Amino acid sequence: MAEMKPIKYTSRDGLTINGYLTLPVGVEPKNLPVIINPHGGPWARDEWRLNPEVQFLANRGYAVLQMNFRGSTGYGKEFWTKSFKQWGRTMQNDVSDGVAWLIKEGIADKNRIAIYGGSYGGYTTLAGITFTPDLYACAVDYVGVANMFTFMKTIPPYWEPYRKMFYEMVGDPKADSVMLAEVSPVMHADKIKVPLLIAQGANDPRVNKNESDQMVEALRKRGIEVEYIVKDNEGHGFSNQENRMDFYGAMEKFFAKHLKSEMGKN
């Protein structure tokens, strides 16, 4: 197993961002291909623990950086509230600053950095290749939000009591419409220029399939390479073993193609 090391760096506005860096075994930690792996939630956190996805990627020769950007839980109320109405803004900067830290430390090859995340991490992935298009070589979006307005419209019934709070924490589609348009990746898809793999469950109640459909359509119209995996018997994330095998197999090939990493031993 690859060792998962706690790390920290300072954001551009002075916050301490904690995270975890997993390095491939037996490789000097210099100029490595890297997968940036922001967590979902976003009001959750990455922890020091066995993470099968991270071990899978490290085994294939990639360094993996997970960061607890502002809004991540476990760092106090002030750190949490700093994330309010900051999707695609300072929350995204915290991720980009982690990339800059890896490059400065000499760990990352700046030309071989990818971003992969699910749910809010999928949103961060799309925002990353949209708003910082020169930072990443490729990306994998797993059930991620593309359009803040359609996402808000399809909030599932079991989230209804949470809607007002969600508007306060993320943004009100009417009162904050300009800001939400600015941070909706699909509305700025013309900035995307790197290959993208998208995976989506057809029955996802939280991030509707339309989110991924919109992004795929927008990019294919412009001739951007998009591989799209849709599973009809899945919801918010893949649970069936055969679907998980398909997804991780496709991701392995995708990263090998675009990051040109040596394949790790099985």
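From a predicted model like this one, the values you see are computed outputs, not experimental measurements.

Novice: Looking at this structure, I do not really get the overall build of the protein. What am I missing?
Specialist: If you tally the helices and strands in the protein, you get nine helices and eight strands. A compact globule built from 266 residues would reach a C-alpha radius of gyration of about 18 Å, and the protein, at 17 Å, matches this within 12%. For the protein, the C-alpha atoms occupy an extent of roughly 50 × 40 × 35 Å along the three principal directions. Counting the 266 residues in the protein, one finds 55% classified as buried. Considering only contacts in the protein between residues 6 or more positions apart, those separated by 24 or more positions represent 73%. Carbon and sulfur atoms provide 51% of the accessible area of the protein, an area that totals close to 12100 Å². Considering the protein, the positive charge centre built from 32 side chains and the negative charge centre built from 31 side chains are found 3 Å apart.

Novice: Which parts of the structure should I look at to understand the environment of aspartate 109?
Specialist: Mapped onto the elements of the fold, aspartate 109 is located in strand β5 (residues 108–118). The class for aspartate 109 is buried, based on a relative accessible area of 18%. Between the alpha carbons of aspartate 109 and aspartate 232 there is a distance of 37 Å; along the sequence they are 123 residues apart. Residues within four places of aspartate 109 in sequence aside, it is in contact with Asn31 and Leu32.

Novice: For this particular structure, what's the right way to read the confidence of the model for the protein?
Specialist: Predicted coordinates in areas of low pLDDT are best not read in detail. Within the protein, residue pLDDT values average 95, and 98% of them lie at 70 or more. In the model, residues 262–266 has pLDDT below 50 throughout and makes 11 contacts with residues more than four positions away in sequence or in other chains.

Novice: Is there a simple way to think about the side chain of aspartate 176 in this case?
Specialist: Within the secondary structure, aspartate 176 is located in the loop between α6 (163–169) and α7 (177–182). Aspartate 176 sits in the buried class, given a relative accessible area of 15%. Engagement of the side chain of aspartate 176 in a polar contact is seen with the side chain of lysine 85, the distance being 3.0 Å. The residues touching aspartate 176, leaving out its near neighbours within four places in the chain, are Lys85, Tyr167 and Gly171.

Novice: Honestly, the packing of helix α1 (residues 52–59) against helix α9 (residues 241–259) in this entry has me stumped. Any pointers?
Specialist: Packed helices, taken two at a time, are described by the angle their axes make and the gap between the axes. Relative orientation of the contacting elements α1 and α9 amounts to 35°, with a least axis distance of 11 Å. In this structure, α1 meets α9 at a crossing whose hand is right-handed. Each of Glu53, Phe56 and Leu57 in α1 lies in contact with α9, whose residues at this interface are Tyr248, Met251, Glu252 and Phe255. Grouping the amino acids of the contact of α1 with α9 by side-chain chemistry returns five nonpolar, no polar and two charged.

Novice: Teacher, can you tell me more about the layout of surface pockets here?
Specialist: Once rolled over the atoms, a probe with the size of a water molecule shows which space is left empty. Estimates place the volume of the second largest pocket at around 440 Å³. Lining of the second largest pocket is provided by 23 residues; of these, Pro38, His39, Gly40, Glu53 and Gly118 occupy positions nearest its centre. Those elements that place two or more of their residues in the lining of the second largest pocket are α1 and β5. The greatest single-element share of the lining of the second largest pocket, amounting to three residues, is contributed by β5. When the residues that make up the lining of the second largest pocket are grouped by side-chain class, the tally is seven nonpolar, 11 polar and five charged.

Novice: Is there a simple way to explain helix α8 (residues 209–221) in this structure?
Specialist: Every α-helical turn comprises 3.6 residues, leaving residues that sit three or four positions apart pointing alike. The first and last C-alpha atoms of α8 sit 18 Å apart over 13 residues, in line with the 18 Å expected at 1.5 Å per residue. Residues of α8 that are buried in the fold lie against α4 (120–131), β6 (138–142), α5 (148–153), β7 (196–201) and β8 (226–231). At the N-terminal end of α8, a side-chain oxygen is found 2.9 Å from the backbone nitrogen of asparagine 210, two or three residues along, and the residue is asparagine 208. Positive backbone phi, approximately 80°, marks glycine 223, located one or two places after α8.

Novice: Help me out: how do you make sense of unusual backbone geometry in this one?
Specialist: Apart from glycine, the bulk of residues carry a negative phi angle, and the bulk of peptide bonds sit in the trans form. Glycine 41 connects to proline 42 through a cis peptide bond whose omega is -5°. Mapped onto the elements of the fold, proline 42 is located in the loop between β3 (32–36) and α1. At lysine 85, a position not held by glycine, the phi torsion is positive, near 60°. Within the secondary structure, lysine 85 is located in the loop between α2 (77–81) and α3 (90–104).

What counts, and at which threshold
- Residues numbered from 1 in each chain as written.
- Predicted model: local features only at pLDDT ≥ 70, side-chain atom pairs only at ≥ 80, totals over all residues.
- Heavy atoms only, no water.
- Helix = DSSP H or I, 4+ residues; strand = E, 2+ residues; numbered from the N terminus.
- Rg over C-alpha atoms; globule rule 2.2 N^0.38 Å.
- Buried < 20%, exposed > 50% of the residue type's maximum accessible area, 1.4 Å probe, protein only.
- Contact = heavy atoms within 4.5 Å.
- Areas by Shrake-Rupley, 256 points an atom, 1.4 Å probe, with all protein chains shown as cover.
- Lys, Arg positive; Asp, Glu negative; His and termini not counted.
- Charge placed at Lys NZ, Arg CZ, Asp CG, Glu CD.
- pLDDT = per-residue confidence, 0-100.
- Polar contact = N/O pair within 3.5 Å; in protein donor to acceptor, adjacent residues only side chain to side chain.
- Axes fitted to C-alpha atoms, helices over the stretch in contact; angles between N-to-C directions.
- Left-handed = near helix turned anticlockwise from the far one by under 90°.
- Nonpolar A, V, L, I, M, F, W, Y, C, P; charged D, E, K, R; others polar.
- 1 Å grid on protein atoms, 1.4 Å probe; cavity = no way out; pocket = protein on both sides within 12 Å on 5 of 7 lines; lining within 4 Å.
- Points joined across faces, edges and corners; volume = space filled by probe spheres on them.
- Expected span 1.5 Å × (residues − 1).

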